[in-house]
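Structural overview
Residues per chain, in single letters:
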Amino acid sequence: MSTRHDHRGSGEAIKEEETEAMRDRRPIALFMAFGTKGDVFPVAALAAAFSCDQKQYEVSFITHSAHQGLSADFAAKNVTFIPISSPPVLAAHQHEQISDSKPNSVDSYCEHNNFSLRKRMIEEEHRRECLAAAERIFGSDINKEGDFIAINFFALEGWHLAELFQVHCIVTAPYVVPYSAPSSFEYQFKKDLPLLYQYFQEAPVGTVGWKDVLHWMWPLFMETWGSWRNNILKLSSIPFTDPVTDLPLWHIRTESPLLLYGFSQKIVECPGYWPANVYSCGFWFLPMEWQFSCEKCRLAFSNNSSIPPALVELCQRHMSLLNFLNGPSNPPIFVGLSSIGSMGFLTNPKAFLAVLQRVIEATEYRFILFTSGYEPLDASIRYLADNAMPNTSHMLEETDSTFLFNNRLFCFSGSIPYRWLFPRCAVAIHHAGSGSTAAALHAGIPQVLCPYLLDQFYWAERLCWIGVAPDPLSRQHLCPDSLDDVNINAACDALRAAIDRATSAKIRLQASHIAKKISSEDGIEEALNILREKVVSR
């Protein structure tokens, strides 16, 4: 019996084993998105679609644990959900209470310090968890071929982590940059970092240049990142500089990062001063089955995927919603503020409901109100329902819905896809979030907008400009802070006037026209096409 001997050197054998491991290795796509549902879920839809389209990839998604509801949907699409404990937002009232306090009071000083300390602690833990997650995903693997990190504008940690692990970073955003550089940014940058300013100004075509910095990258150079980069990541404190000399990396030119926008170019034109590597794909809509709070309704849609969504009926439990929508009079008006309540902006739910009541009493309109499960608003609805008809307040808890104001306001605390709902509505009144905006545009219905922060002001102005909405409401004209008659009457008058303008023939016709223009777009598929060309096939 002969024995075969391997005459290869141990080094050669190890090299072959490493080559085999590299051959078997799957590339990694890490998506990172932070913020509210409107900030995160469109990117989640893209991540899930990418996983289905590029099955050779290991796809992971890092976001807040508050979005844990995505985990089951991700599992079905072979996407690994990685929760981070930080909250999606710090409630707005915390900021406002501090800013409204007397500047020289001891209480104000202490409150400001406590808030700043808490915010800093959350930020440090958030970054620690992000780094730990990225280390688990990328490990010490030398081969990074095909790997990339995709971030939204609230996940800039991902840019620095991509530099640390030497993988490509791309940006995936459902809306235009929600912030702009301070007016003094360029002057200060040129003054403090003249050589780096020159580095960007002289950037060859296709590499990171000053256009990229001004469009979205400027926050990467703020002081808040410097210590984390230097002390924790062991990178230079300023991107694109040498960690020893602090001089620009003249001999290294990074490719201009790919930026995919999840909106239609027919709605938002891409101006010539934007970087060349920016693409608007069309709106990114979530799969219908992701958007139901009711499992039976979800199954009804999943089991009838070949039927147009508008023809699929809800479960028996929610037939009251469908019956209200199909009522004998004109279609109802939708009202929904999404996460505005949980962010602290809806300070007086009873005043908000009083405005709707006054409008209902003064007109023939019917309304359908989505509370987004905001408990103070739901509690106010239960209180009013019980006063109007004792022992009925339990309906909102048991069936997600109840009626107010002579059955002309239908209150719903669950969730239903807007793309199913809006075609059945006359007008959509909302906060100008990107998701609500996109769904109403596709449905071809007029909109009444009440923006609160960031990109919402942009969308409100843009929709007014293209003629599908009247001038935006101020927040006091939809959600006044107090219940006094003066405020309620003023809000009622403003809201009635806005609805009257929105239902004019001119705006209704324009909304229908815009819907036809964008009806053939598939934003997710277009984004996948660009990723295939620019990232996967590299």
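Here is a short report on the structure shown in this document. (Residues numbered from 1 in each chain as written. Predicted model: local features only at pLDDT ≥ 70, side-chain atom pairs only at ≥ 80, totals over all residues. Heavy atoms only, no water.)

**Here's the deal with the packing of helix 7 (residues 185–192) against helix 8 (residues 194–201)**
Two elements in contact, helix 7 and helix 8, have axes whose closest approach is 5 Å; the angle formed by their N-to-C orientations is 115°. One way to sum up the angle between helix 7 and helix 8 is to call them roughly perpendicular. Contacts from Glu186, Phe189, Lys190, Lys191 and Asp192 in helix 7 reach Pro194, Leu196, Tyr197, Phe200 and Gln201 in helix 8. By residue class, the composition of the contact of helix 7 with helix 8 is five nonpolar, one polar and four charged. (Axes fitted to C-alpha atoms, helices over the stretch in contact; angles between N-to-C directions. Helix = DSSP H or I, 4+ residues; strand = E, 2+ residues; numbered from the N terminus. Parallel < 35°, antiparallel > 145°, perpendicular 65-115°, else oblique. Contact = heavy atoms within 4.5 Å. Nonpolar A, V, L, I, M, F, W, Y, C, P; charged D, E, K, R; others polar.)

**A closer look at the pattern of salt bridges**
Should their charged atoms come close, side chains of opposite charge can pair. Taken as a whole and assessed by the stated rule, the structure comprises nine salt bridges. For glutamate 375, the salt bridge is made with arginine 382, and the minimal N-O distance between the two is 2.4 Å. Given the relative accessible area of 42%, glutamate 375 is considered partly exposed. Given a relative accessible area of 16%, arginine 382 falls into the buried group. We note a salt bridge from glutamate 525 to arginine 532, for which the minimum N-O separation is 3.1 Å. Shared partners join several salt bridges into a network, and the residues in it are Asp53, Glu525 and Arg532. (Salt bridge = Lys/Arg side-chain N within 4 Å of Asp/Glu carboxyl O. Buried < 20%, exposed > 50% of the residue type's maximum accessible area, 1.4 Å probe, protein only.)

**Here we look at the layout of surface pockets**
Computed from the structure, the second largest pocket encloses a volume of approximately 640 Å³. Along its surface, the second largest pocket is lined by 27 residues, and Trp159, Val167, His168, Thr254 and Glu255 are the ones closest to its centre. Secondary-structure elements contributing two or more residues to the lining of the second largest pocket are helix 6 (157–165), strand 5 (168–173) and helix 21 (523–536). Among the residues making up the lining of the second largest pocket, the classes are represented as 15 nonpolar, seven polar and five charged. (1 Å grid on protein atoms, 1.4 Å probe; cavity = no way out; pocket = protein on both sides within 12 Å on 5 of 7 lines; lining within 4 Å. Points joined across faces, edges and corners; volume = space filled by probe spheres on them.)

**Things to note about the sheet that holds strand 8 (residues 333–336)**
Here we have six strands laid out as an open sheet, ordered 10-11-9-8-12-13, and mixed in their pairing. Looking at the sheet topology across the chains shown, the edges are occupied by strand 10 (401–404) and strand 13 (447–449). Neighbour-to-neighbour, the strand axes of the sheet open up by a mean angle of 20°, direction not taken into account. Where strand 8 and strand 9 (residues 367–370) come together, four bridges link them in parallel fashion. Looking across to strand 9, one finds that isoleucine 333 is bridged to phenylalanine 367. (Pairing = 2+ DSSP bridges.)

**Comments concerning the packing of helix 17 (residues 434–443) against helix 20 (residues 505–518)**
Put simply, helix 17 and helix 20 touch, their axes get as near as 6 Å, and they point 95° apart. If you check the angle between helix 17 and helix 20, you find them roughly perpendicular. Across the interface between the two elements, Leu441, His442 and Ala443 of helix 17 pack against Ala511, Ile514, Ala515 and Ile518 of helix 20. Here the residues of the contact of helix 17 with helix 20 are counted per class, giving six nonpolar, one polar and no charged.

**Here we look at the sheet that holds strand 3 (residues 79–84)**
Spatially, seven strands are ordered 3-2-1-4-5-6-7 in an open sheet, and the strand pairing comes out parallel. Edge positions in the open sheet fall to strand 3 and strand 7 (278–280), since each of these has one partner strand only. Adjacent strand axes in the sheet meet at a mean angle of 20°, parallel and antiparallel pairs treated alike. Bridge count for strand 1 (residues 28–32) against strand 2 (residues 58–64) is five bridges, and the pairing is parallel. Each bridged residue has a counterpart across the sheet, and for isoleucine 28 the counterpart in strand 2 is glutamate 58. Packing against the sheet, helix 2 (residues 37–53) makes contact with strand 1, strand 2, strand 3, strand 4 (148–151) and strand 5, and its axis sits at approximately 170° to strand 2. The strands touched by helix 6 within the sheet are strand 1, strand 4 and strand 5, with strand 4 carrying the most contacts at an inclination of about 170°.

**Quick look at the packing of aromatic side chains**
This model, assessed by the stated rule, comprises 45 aromatic pairs. Ring centres of phenylalanine 200 and phenylalanine 240 lie 5.4 Å apart, and the angle between their planes is 85°; on these two criteria the pair is classed as edge-to-face. Residue phenylalanine 200 is located in helix 8, and its partner phenylalanine 240 is located in the loop between helix 10 (223–232) and strand 6 (259–261); the two are separated by 40 residues in the primary sequence. Residue classification places phenylalanine 200 among the buried residues on the basis of a relative accessible area of 2%. We classify phenylalanine 240 as buried; its relative accessible area is 8%. A centroid spacing of 5.0 Å and a plane angle of 80° characterise the contact between phenylalanine 403 and phenylalanine 410, whose relative ring orientation is edge-to-face. Under the relative-accessibility criterion, phenylalanine 410 is labelled buried at 1%. The residue whose ring lies beneath arginine 366 is phenylalanine 324, and the NZ or CZ to ring-centre distance is 4.6 Å. For the cation-ring pair, arginine 424 lies above tryptophan 420, with the distance from its terminal atom to the ring centre recorded as 4.0 Å. (Phe/Tyr/Trp six-rings, centres within 6.5 Å; stacked < 30°, edge-to-face > 60°. Lys NZ or Arg CZ within 6 Å of the ring centre and 35° of its normal.)

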